[in-house]
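As a plain string of letters, each chain reads:
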2 protein chains.
Amino acid sequence: MTVEQGRNAKGTRGRPRSEAVERAILEGVVKLFEDGVPLADISVERIARTAGVGKATIYRRWSGKEEIFVDVLRGLEEPPATLPGTSMRDDLVVLVERIRRRGLNMRSSALLHNVFAQMKSLPKLWDVYHETVIEPQRRVVRDVLRRGVENGELRADVDLVLANELFVGPMLVRAVLRPNDPLDDDLAARIVDTVLEGMRPRK
Amino acid sequence: MTVEQGRNAKGTRGRPRSEAVERAILEGVVKLFEDGVPLADISVERIARTAGVGKATIYRRWSGKEEIFVDVLRGLEEPPATLPGTSMRDDLVVLVERIRRRGLNMRSSALLHNVFAQMKSLPKLWDVYHETVIEPQRRVVRDVLRRGVENGELRADVDLVLANELFVGPMLVRAVLRPNDPLDDDLAARIVDTVLEGMRPRK
C-alpha cells in the first residue's frame, strides 16, 4: 500500500484499522526523512517510537527497516504508467517519460533527493528497492521491446537487455547523474525516435 | 599530480620536496578511505594529523578537503584515453570503453565503491568532482561528435548534448547504476554501433 492510499483508509476495525496503523508508521518515517535524520540512524525501534506503536506491530508487517523505507518511497511514486498500446514506439515514450518525471520530482523534493543520495551507502536498502521497484519496471520495458520485435518495429537481431539501456539509459543519466541539465518536455520522444532512427546520416 | 606520479618524486629540495609532502598528504587520505572512515568525518585537521603536517601546509596547496578528495580520486584513475583518430566511431568506442573500465575498477575496489557511494551526500565534493573530472571528459566526447558532423559520420541535425548521452548513457547506467549486470569486453563497440545504426529494421 502507498502513503496516498493509506490516507483514505478509515480507522474502524479489521483491515481498515490495520491500514490506519500502517499509515501512521509510514507517515512517521516520512517525517523522519523530512527532518533530515540520516537513514543509518533510523532503526525499527525509532520508527515504532515515532509512530507510537510497539516494535512487534512493525515486525508483523515488515521484515526490517529497508522494506519500510521502500514502501515509503513507493508511496511517493506516481502510479504505474498506462501504456497506450498503439505501437512499441508510443509505449516506450510513455515509459521513458515516466523516468523524466521521476527526475523532476527528485529535483524538486529535498526529501527524495536526500534519501536517494544516501541509498547507495545502504546496500541492503538499494537491493530491496532494486528488486521491488526497479526490476518490475525493467520487465515492463522488456515486454514492450519483445512486442516490438514481434510486430517488426525493432530489429530482431538486437540484444533486448542492451536495447533496454539504449532507450532508458540516456534519460536515467540526465535525471539522476546530471541534476543541472534540462529535462525538456519532449526529451522522451526525442530519445526514443533518435535511438530507433540511428545517428548515421541516411544517403 | 597523481598518487602514482607522487610515488616517483624524490624528497630532495624545491619542487620534488614539495611533491613528497603532497604525496604524503594524498596517501594519508587514501589510508583514511581504506580504513572506511566516512568522508563527512574527514576534516582538513584530521588529514594534516594523518600526514604529519600542519594545516597551513595543506591550505597552501588546496582550498579545502573536497579538492584533496578529488585529487586522490584523480590519482586512482587511468590516464586520459588516447584517441585513435581514425574515425568518430573509433574514437567514441575508446571513450565509452574507458567508462566500462572505470566501472570494472569501481566494482573491484571497495575503496572507490565506498567513496562514490558517499559522494552524492556531499554536494560540494560532487560539484568539484563534476567540474574537474566529468566536465573535461564530456568536452572530449563533444569535440569527437563535432568532428563526426564535419566528416559526415553523424547526422547534422542531431542535438550534440543528446548525442553525448545516447552514446555514453547506456554504459554509464550499466557501470554505475546496475552493479550486477555484465560489462562484456565488446560492450562499448556494440553500444556505439547500435546507436549509429538505429534499432528500426531497414527495409
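Along every chain, residues carry numbers that run from 1 in the direction the sequence is written. Chain letters start at A and ligand numbers start at 1, both assigned in the order the entries are written. Confidence filtering applies because this is a predicted model: local features only for residues at pLDDT of at least 70, side-chain atom pairs given and counted only at 80 or more, and all residues used for totals across whole chains, interfaces and linings. Computation of side-chain values covers all heavy atoms of the structure but excludes hydrogens and water.

Another aspect to go through is helix H8 (residues 123-150) of chain A. Between its terminal C-alpha atoms H8(A) stretches 38 Å, which fits the 40 Å expected from 28 residues at 1.5 Å a residue. The angle separating two fitted axes, one through the seven residues that finish at a residue and one through the seven that start at it, defines the bend at that residue. Strands are runs of DSSP state E lasting at least two residues, helices are runs of H or I lasting at least four, and both sets are numbered from the N terminus onward. Of all bends in H8(A), the biggest is about 40 degrees, found at His130(A). Think of it in three bands: residues with accessible area under 20% of the maximum for their type are buried, residues over 50% are exposed, and the middle band is partly exposed, with areas taken using a 1.4 Å probe on protein chains only. The set of residues buried in H8(A) consists of Leu125(A), Trp126(A), Val128(A), Tyr129(A), His130(A), Val133(A), Ile134(A), Arg138(A), Val141(A), Val144(A), Leu145(A) and Gly148(A). Between two residues, a contact is recorded if the distance between any of their heavy atoms is within 4.5 Å. In this fold, the buried residues of H8(A) make contact with helix H5 (65-76), helix H6 (88-108), helix H7 (110-119) and helix H9 (160-177) of chain A together with helix H9 (160-177) of chain B. Gly152(A) sits one or two positions beyond H8(A) and adopts a positive phi of about 85 degrees. Multiplying 1.5 Å by the residue count of a helix minus one yields the expected span of that helix.

Our next topic: the interface of chain B and chain A. The interface of chain B with chain A comprises 42 residues on the first partner and 42 residues on the second. A combined buried area of about 4200 Å² lies between chain B and chain A, and 56% of that area is made up of carbon and sulfur atoms. Accessible surface is computed with a 1.4 Å probe, and the buried area is the amount of it that two parts give up when combined, taken over both parts together. Among the residues chain B hides against chain A, the three largest losses belong to Arg155(B), Arg178(B) and Met199(B). Together they make up 18% of the total. Salt-bridge detection follows one rule: a side-chain nitrogen of Lys or Arg within 4 Å of a carboxyl oxygen of Asp or Glu. The partner of Asp181(B) in a salt bridge is Arg138(A), and the shortest N-O contact between them spans 2.9 Å.

Here the focus is the pattern of salt bridges. Taken as a whole, this structure holds 44 salt bridges over all chains when the rule is applied. One salt bridge in this structure joins Glu77(A) and Arg98(A), with 3.6 Å as the shortest N-O distance. Here the residue Glu77(A) occupies a position in the loop between H5 and H6, and Arg98(A) occupies one in helix H6, the gap between them amounting to 21 residues. With a closest N to O distance of 3.5 Å, Asp91(B) and Arg147(B) form a salt bridge.

Turning our eyes to something else, we now look at the confidence of the model for chain A. Residue and element names in this part refer to chain A. Across chain A, the average pLDDT comes to 87, with 91% of residues at 70 or higher. Per residue, pLDDT measures the predictor's confidence, with a range of 0 to 100. Confidence, read as mean pLDDT per element, is least for helix H1 (residues 3-7) in chain A (42) and greatest for helix H10 (residues 187-197) (97). Segment residues 1-15 is flagged for pLDDT under 50; beyond a separation of four residues in sequence, or across chains, it makes 24 contacts in the model.

Moving on: the relation of the copies chain B and chain A. Only residues with pLDDT of at least 70 in both copies contribute their C-alpha atoms to the least-squares superposition of the copies. The operation relating chain B to chain A is a screw motion whose rotation component is 180 degrees, with 0.0 Å of axial translation and a residual RMSD of 0.0 Å. Both copies are brought into coincidence by an operation consistent with a two-fold rotation axis. Proximity to the rotation axis, assessed at the C-alpha, singles out Gly198(B) in chain B; its C-alpha lies 1.7 Å from the axis. Taken together, the interface assignments show that 100% of the residues at the interface of chain B recur at the interface of chain A, consistent with an identical surface on both copies.

Time to look at the environment of Leu95(B). Residues and elements named next belong to chain B. In this structure, Leu95 sits in helix H6 (residues 88-108). With a relative accessible area of 13%, Leu95 lands in the buried category. Separated by 33 residues in sequence, Leu95 and Trp62 have C-alpha atoms that sit 30 Å apart. Excluding anything up to four places from it in sequence, Leu95 contacts Ala81, Leu83, Val140, Val141 and Val144.

What follows covers the domain arrangement of chain A. It is common to give the size of an interface as the accessible area that goes away when the parts come together. Residue and element names in this part refer to chain A. Partitioning chain A into domains gives domain 1 (3-65) and domain 2 (77-197). Taken residue by residue, the interface counts seven residues in domain 1 and six residues in domain 2. For the pair domain 1 and domain 2, the summed buried surface comes to about 520 Å²; carbon and sulfur atoms form 75% of the total. The interface formed by domain 1 and domain 2 holds zero salt bridges in total. Any pair of N or O atoms that falls within 3.5 Å is considered a polar contact. Within protein, one atom must be able to donate a hydrogen and the other to accept it, and sequence-neighbouring residues count only if both atoms are side-chain atoms. Connecting domain 1 to domain 2 are one residue pair in polar contact (both at pLDDT 80 or more). Domain start and stop positions are those given by an automatic or database domain assignment.

Here we take up the UniProt feature "domain: HTH tetR-type" (unreviewed entry) in chain A. UniProt positions are given in the numbering used here, feature names are shortened, and annotations may be inferred rather than shown by experiment. Residues given the UniProt feature "domain: HTH tetR-type" (unreviewed entry) here are residues 19-80 of chain A. Along residues 19-80 of chain A one finds 66% helix and 0% strand; the C-alpha atoms at either end are 21 Å apart.

With that out of the way, let us pick up helix H7 (residues 110-119) of chain B. Within H7(B), seven of the ten residues are buried, which leaves it mostly tucked inside the rest of the structure. Within H7(B), burial applies to Leu111(B), Leu112(B), Val115(B), Phe116(B), Ala117(B), Gln118(B) and Met119(B).

Attention shifts here to the nonpolar core. Leu145(A), Phe167(A), Leu145(B) and Phe167(B) are the most contacted members of the largest nonpolar core, which totals 59 residues. Secondary-structure elements contributing two or more residues to this core are H6, H8, H9 and H10 of chain A together with H6, helix H8 (123-150), H9 and helix H10 (187-197) of chain B. In terms of residue count, H9(B) provides more of this core than any other element does, eleven residues in total. With near-sequence residues (within four places) excluded, Phe167(B) lies in contact with Met199(A), Leu92(B), Val96(B), Leu145(B), Leu154(B), Ile191(B), Val192(B), Val195(B) and Leu196(B). Put simply, buried Ala, Val, Leu, Ile, Met, Phe, Trp, Tyr and Cys residues joined by side-chain atoms within 4.5 Å make one nonpolar core.

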